[in-house]
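The residues making up each chain are set out below.
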Amino acid sequence: MPRFAANLSMMYPDLPFLDRFEAAAQDGFKAVEYLFPYAFPAQELAARLKANGLQQVLFNMPPGGTDTEGFAKAWETGQRGTASVPGREADFRIGFTQALIYAEALNCPRIHAMVGLRSDGVSADAADATLVSNLQWAAAEAAKAGRDVLVEPINTRSVPGFHLNRQDHAHRIVQAVGAANVKVQMDLFHCQIVEGDLSAKIAQYLPTGRVGHFQIAEVPNRHEPGTGEVNWTHIFHTIDKVSAECGWDGWIGCEYNPADASAGGTSRGLNWARPYL
């Protein structure tokens with residue numbers, strides 16, 4: 001049966017961020033993910049996890065910048081990562097090192113290394129080469145702490161100009177890196193928009209051992225499952241079936257914006273998840 005992690009950056013928007021841990025636990029979640037932890041002391045986040053019996057299963061490295069203020073400003077100004085950006089290698093290393101510090105404090109096994117936008121004048125090959133080199137460095141650093149490094153293909157509508165859009169491209173990058181702890185973050189929202197054929201893609205890629213994490217949101221409006229075009233009962237069954245065949249035991253992050261953002265709306269919208277929580 002699929003295991004679901006609440007994405008606290010998007011779910012429970014009516015609550016202050018630190019109160020969302022308790023809300024997720026009360027709804028039956030055993031794990032959480034979110035975009036960034038850096039605005040909060042790692043010890044405070046760790047305490048919230050422990051108090052609510054939750055596992056931290058994923059968060060993102062900084063999208064840019066070299067300190068806490070810079071990390072936040074980078075996101076606010078539209079930066080979406082440095083891993084594939086020539087000339088930003090120092091920023092990538094600073095950001096990833098900070099992510100490793102938080103991962104240690106939060107006992108988080110996975111870090112999403114944000115690929116970034118491809119600038120005008122930078123070829124796809126140059127971006128790929130930079131990405132592979134940065135990931136090889138990150139893989140070695142993460143391996144010292146027993147952590148995985150993930151890259152995520154993102155659709156061209158949500159983030160125009162993002163360098164990585166397709167599953168096959170992401171898997172080519174991971175194979176080029178050649179490290180067992182570098183994997184693909186398979187977000188089915190982005191995959192459905194760019195290429196579709198979700199059942200076949202899950203069956204194709206999950207047995208390779210190169211999928212480290214799933215994320216979900218309904219298409220087209222990024223709300224909870226059951227509000228759009230995807231047959232999630234079939235998708236979850238497919239993940240279950242393929243997982244049983246290949247031994248995959250990861251998590252599915254619920255990275256969606258609740259259709260009802262009012263007080264209690266996230267919880268009321270979890271009917272889709274009740275059989276699994």
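All values reported here derive from a predicted model rather than from experimental measurement.

Engineer: What is the right way to read the overall build of the protein chain from this model?
Structural biologist: Looking only at helices and strands, one finds 10 helices and eight strands in the protein chain. Expected size for 277 residues packed as a compact globule is a radius of gyration near 19 Å; at 18 Å, the protein chain falls within 12% of this value. By its C-alpha atoms, the protein chain is 45 × 40 × 35 Å across when sized along the principal axes. Here the protein chain holds 277 residues, and 54% of them are scored as buried. About 11400 Å² of surface is accessible on the protein chain, with carbon and sulfur atoms providing 49% of the total. A gap of 3 Å separates the mean positions of the 23 positive and 30 negative side-chain charges of the protein chain.

Engineer: It is not clear to me how the side chain of Asp 148 should be interpreted in this structure. Could you clarify?
Structural biologist: Among the secondary structure elements, Asp 148 is positioned in strand 5 (residues 148–151). Of the polar contacts made by the side chain of Asp 148, one reaches the side chain of Lys 183; its length is 3.4 Å. Ignoring any residue separated from it by four or fewer positions in sequence, one finds Asp 148 in contact with Pro 109, Arg 110, Ile 111, Asn 181 and Lys 183.

Engineer: Teacher, can you tell me more about the environment of Ser 123 here?
Structural biologist: Within the secondary structure layout, Ser 123 lies in the loop between strand 4 (110–112) and helix 5 (124–144). Here Ser 123 falls in the partly exposed class, since its relative accessible area comes to 39%. In sequence terms Ser 123 and Gln 79 are 44 residues apart; their C-alpha atoms lie 18 Å from each other. In terms of polar contacts, Ser 123 uses its side chain to reach the backbone amide nitrogen of Ala 126, at 3.0 Å.

Engineer: Just checking my understanding: could you explain the pairing of strand 5 for this structure?
Structural biologist: A regular strand places its side chains so that they alternate between the two faces of the sheet. Burial of the side chains of strand 5 extends over both faces: Asp 148 and Leu 150 are buried on one face and Val 149 and Val 151 on the other. Examined bridge by bridge, strand 4 and strand 5 share three bridges and lie parallel to one another. Bridge assignment links Ile 111 to a residue of strand 5, and that residue is Val 149. Taken together, strand 4, helix 5 and strand 5 constitute a β-α-β crossover, and its handedness is right-handed. With helix 6 (residues 167–177) bridging strand 5 and the parallel strand 6 (residues 182–187), this β-α-β connection has right-handed handedness.

What counts, and at which threshold
Residues numbered from 1 in each chain as written. Predicted model: local features only at pLDDT ≥ 70, side-chain atom pairs only at ≥ 80, totals over all residues. Heavy atoms only, no water. Helix = DSSP H or I, 4+ residues; strand = E, 2+ residues; numbered from the N terminus. Rg over C-alpha atoms; globule rule 2.2 N^0.38 Å. Buried < 20%, exposed > 50% of the residue type's maximum accessible area, 1.4 Å probe, protein only. Areas by Shrake-Rupley, 256 points an atom, 1.4 Å probe, with all protein chains shown as cover. Lys, Arg positive; Asp, Glu negative; His and termini not counted. Charge placed at Lys NZ, Arg CZ, Asp CG, Glu CD. Polar contact = N/O pair within 3.5 Å; in protein donor to acceptor, adjacent residues only side chain to side chain. Contact = heavy atoms within 4.5 Å. Pairing = 2+ DSSP bridges. Right-handed = clockwise from strand over helix to strand, strands pointing away.

Keep in mind these numbers describe shape, not what the thing actually does.
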